[in-house]
Amino acid sequence: MNTPDETLSGLRGPAIFLAQFMADEAPFDTLANIAQWAASQGYKAIQLPTLGSRYIDLARAAESQDYCDELKATCAQAGVQISELSTHLQGQLVAVHPAFDALFDDFAPAHLRGQPQARTEWAIEQLKLAARASQRLGLTAHATFSGALLWPYMYPWPQRPAGLVEQGFAELARRWLPILDCFDAAGVDLCYEIHPGEDLHDGASFERFLEAVDRHPRAAILYDPSHLLLQQMDYLGFIDRYHERIRMFHVKDAEFRPDARSGVYGGYQGWVDRPGRFRSLGDGQIDFKSIFSKLTQYDFNGWAVLEWECCLKDSQQGAAEGAAFIQRHMISKTRKAFDDFAGVTADEDSNRRLLGLSR
């Protein structure tokens, strides 16, 4: 029987998102080095950030199958595979409210800073490159952010003018529909991480977006329970409601400690002092046994990917502990019912007799 990480479909893992580990020093400086490091920690796959060219040249990957084959070979030699690509930071730039222009400018190439329209056009092209690169790499899902035009108006004070939210989502859809079509042509699901700071930050906002893009088949969800817990949402019920659109999974822990001084908004405090904070796997409050069970129940077909973020524990300790944590929660879905041993022969005639029905 296959172990969970060997199956070609269903829940696979453990994998690790590399964004929080990128550095100029070995073993985090090159794809070959970090792939070997990830394998040494017990990971079977790596999720690659694509901003810059440290691990992947996105434009080259979109155009060259030979280059993509080289990337896959580098990973295979280390003992891992690529689970997905990420354009979180480029996706953020698809839609930026002017209040955040200066803060998000650093995500763009230097020659585009201070040029919001050109920056948006560049971000949209980055997403289209990612679609083609994912296809060449044989991937079926991609991670991104939606960006935000409405986030400054998230809390309804001052009162929002009628039609503002509808117009914001219409514009968001206008920008994303050509990208979604590009991903559809590539056969890749575009998975928006449901995340505060994005216009798609909960189930209700995702539903608004889904309607605005005419329920596009490639508009999907990257499920990360930590962001739902910190909003005090039912993160297990979220799977029940949206499982058909959940195509990616970040395994990240968090805790919310009710406080008399501040709450969900955090009182402008740093991460250590906020009531809600991210933690390393097993150190927070997330019920991962139930999450893995629900994803297995609904035949989730994708990777369980550690995203390490913790305000207390060192990243390398978190990564070392994370692979074993995910592996303990992996489920090989049963191929038979537990009471099959007591089964009886069934046919239409015998079933009619058991029901007291005549022919």
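The residue count restarts for each chain, going from 1 along the sequence in the order it is written. The predicted nature of this model means local features are confined to residues of pLDDT at least 70 and side-chain atom pairs, given and counted, to a pLDDT of 80 or more, with totals for whole chains, interfaces and linings taken over all residues. The side-chain figures draw on all heavy atoms in the structure; neither hydrogens nor water molecules are used.

### A closer look at the packing of aromatic side chains
- Aromatic rings from Phe, Tyr and Trp, taking only the six-membered ring of Trp, are treated as a pair when their centres fall within 6.5 Å; an angle between ring planes under 30 degrees marks them as stacked, one over 60 as edge-to-face, and anything in between as tilted. The full count for this structure, using the stated rule, is 17 aromatic pairs.
- Between the aromatic rings of Phe206 and Tyr242, the centroid separation amounts to 6.4 Å while the plane-to-plane angle is 85 degrees, which identifies the pairing as edge-to-face. Of this pair, Phe206 sits in helix H8 (residues 203–212) while Tyr242 sits in helix H10 (residues 235–242), and the two are 36 residues apart along the sequence. The burial state of Phe206 is the same as that of Tyr242; both residues are buried. Here a strand is any run of E in DSSP of at least two residues, a helix any run of H or I of at least four, and the numbering for each starts at the N terminus. Per-residue accessibility, obtained with a 1.4 Å probe over protein chains only, is compared with the maximum for each type, and a residue is labelled buried under 20%, exposed over 50%, and partly exposed between these values.

### Describing the state of the cysteines
- The rule for a disulfide is simple: a pair of cysteine sulfur atoms within 2.5 Å. A full pass over the atoms with the stated rule returns zero disulfides.
- Cys68 carries a free sulfur, and the closest cysteine sulfur to it, the one in Cys75, is 11 Å from it.

### Here we look at H10
- Taken together, the buried positions of H10 are occupied by Tyr235, Leu236, Phe238, Ile239 and Tyr242. The arc that holds every buried residue of H10, seen down its axis, measures 155 degrees, which confines them to one face.
- Here, two residues are considered to be in contact whenever any of their heavy atoms come within 4.5 Å of each other. Where H10 is buried, its residues contact H8, strand S6 (219–223), helix H9 (225–230), strand S7 (246–251) and helix H11 (288–297).
- Polar contact is defined as a pair of N or O atoms within 3.5 Å, subject to the rule that within protein one atom must be able to donate a hydrogen and the other to accept it, and that residues adjacent in sequence are counted only when both atoms are side-chain atoms. At the N-terminal boundary of H10, the capping side chain belongs to Asp234, with an oxygen 3.2 Å from the backbone nitrogen of Leu236. Note that the arc is computed from the directions linking the helix axis to the C-beta atoms.

### Considering the sheet that holds strand S10 (residues 302–306)
- Strands were regarded as paired on the criterion that DSSP finds at least two bridges between them. If you trace the eight strands once around the closed barrel, you get S1-S2-S3-S4-S5-S6-S7-S10, paired in parallel fashion. Taking each pair of neighbouring strands and ignoring which way they run, the sheet shows an average axis angle of 35 degrees.
- Here strand S3 (residues 81–87) runs beside strand S4 (residues 141–144); their pairing, made up of three bridges, is parallel. Looking across to S4, one finds that Leu85 is bridged to His142.
- Sitting on the sheet, H11 touches strand S1 (11–17), S6, S7 and S10, and the angle it makes with S7 is about 160 degrees. Note on method: axes are straight lines fitted to C-alpha atoms, helices fitted across the in-contact stretch only, with angles between N-to-C directions ranging 0 to 180 degrees.

### What to know about the pairing of strand S9 (residues 276–279)
- The two faces of S9 match: Gly276 and Phe278 on one face and Arg277 and Arg279 on the other face are all buried.
- Across four bridges, strand S8 (residues 253–256) lies against S9 in antiparallel orientation. Residue pairing across strands places Phe256 opposite Gly276, the latter belonging to S9.

### Here we look at the UniProt feature "domain: Xylose isomerase-like TIM barrel" (unreviewed entry) in the chain
- UniProt positions are given in the numbering used here, feature names are shortened, and annotations may be inferred rather than shown by experiment. UniProt records the feature "domain: Xylose isomerase-like TIM barrel" (unreviewed entry) at residues 36–328, using the numbering of this structure.
- For residues 36–328, the helix share is 43%, the strand share is 15%, and the end-to-end C-alpha distance is 22 Å.

### Quick word on the layout of surface pockets
- Only protein atoms enter the 1 Å grid, on which a cavity is a set of points fitting a 1.4 Å probe that cannot get out and a pocket is an open set with protein on both sides within 12 Å along at least 5 of 7 lines, lining residues being those with an atom within 4 Å of a point. Grid points are joined across faces, edges and corners, and a volume is the space filled by probe spheres set on the points. Here the largest pocket defines a volume of roughly 1300 Å³.
- What lines the largest pocket is a set of 43 residues, and nearest its centre among them are Trp151, His195, Pro196, Gly197 and Trp271.
- Elements represented by at least two residues in the lining of the largest pocket include exactly helix H4 (88–92), helix H5 (101–104), H9 and S9.
- Counting residues per element, the lining of the largest pocket draws most heavily on H4, at four residues.
- Residues were grouped as follows: Ala, Val, Leu, Ile, Met, Phe, Trp, Tyr, Cys and Pro as nonpolar; Asp, Glu, Lys and Arg as charged; and all remaining residues, including Gly, as polar. Tallied by class, the residues present in the lining of the largest pocket amount to 23 nonpolar, 14 polar and six charged.

### Some remarks on the packing of helix H1 (residues 31–40) against helix H3 (residues 65–78)
- The contact between H1 and H3 brings their axes to 8 Å, and the two run at 35 degrees. Relative to H3, the crossing made by H1 is right-handed. Contacts between H1 and H3 involve Leu31, Ala32, Ala35, Gln36 and Ala39 on the former and, on the latter, Leu71, Thr74, Cys75 and Ala78.
- Its residues placed into classes, the contact of H1 with H3 shows seven nonpolar, two polar and no charged. Here a crossing is taken to be left-handed if its near helix is turned anticlockwise relative to the far helix by less than a right angle, and right-handed if that turn runs clockwise.

### With respect to the confidence of the model for the chain
- Predictor confidence is given residue by residue as pLDDT, running from a minimum of 0 to a maximum of 100. On average, residues of the chain score 95 in pLDDT, and 97% of them are at 70 or above.
- Mean pLDDT per element in the chain: helix H13 (residues 348–354) is the minimum at 85, and strand S5 (residues 189–193) is the maximum at 99.
- The low-confidence segment residues 1–7 (pLDDT under 50) makes 13 contacts with residues lying over four places distant or belonging to another chain.

### Considerations on the pattern of salt bridges
- Salt bridge, as used here: a side-chain nitrogen of Lys or Arg that lies within 4 Å of a carboxyl oxygen of Asp or Glu. Within this structure, the stated rule accounts for 21 salt bridges.
- Salt-bridge contacts for Lys72 lead to Asp69; the nearest nitrogen and oxygen are separated by 4.0 Å. Taken together, the residues Lys72 and Asp69, both in helix H3 and three residues apart, mark about one turn of the helix.
- Judged by relative accessible area, Lys72 falls into the partly exposed class, the value being 36%.
- A salt bridge links Glu171 to Arg175; its shortest N-O distance comes to 2.8 Å. Here Arg175 and Glu171 lie together in helix H7 (residues 164–186), a separation of four residues that amounts to about one turn.

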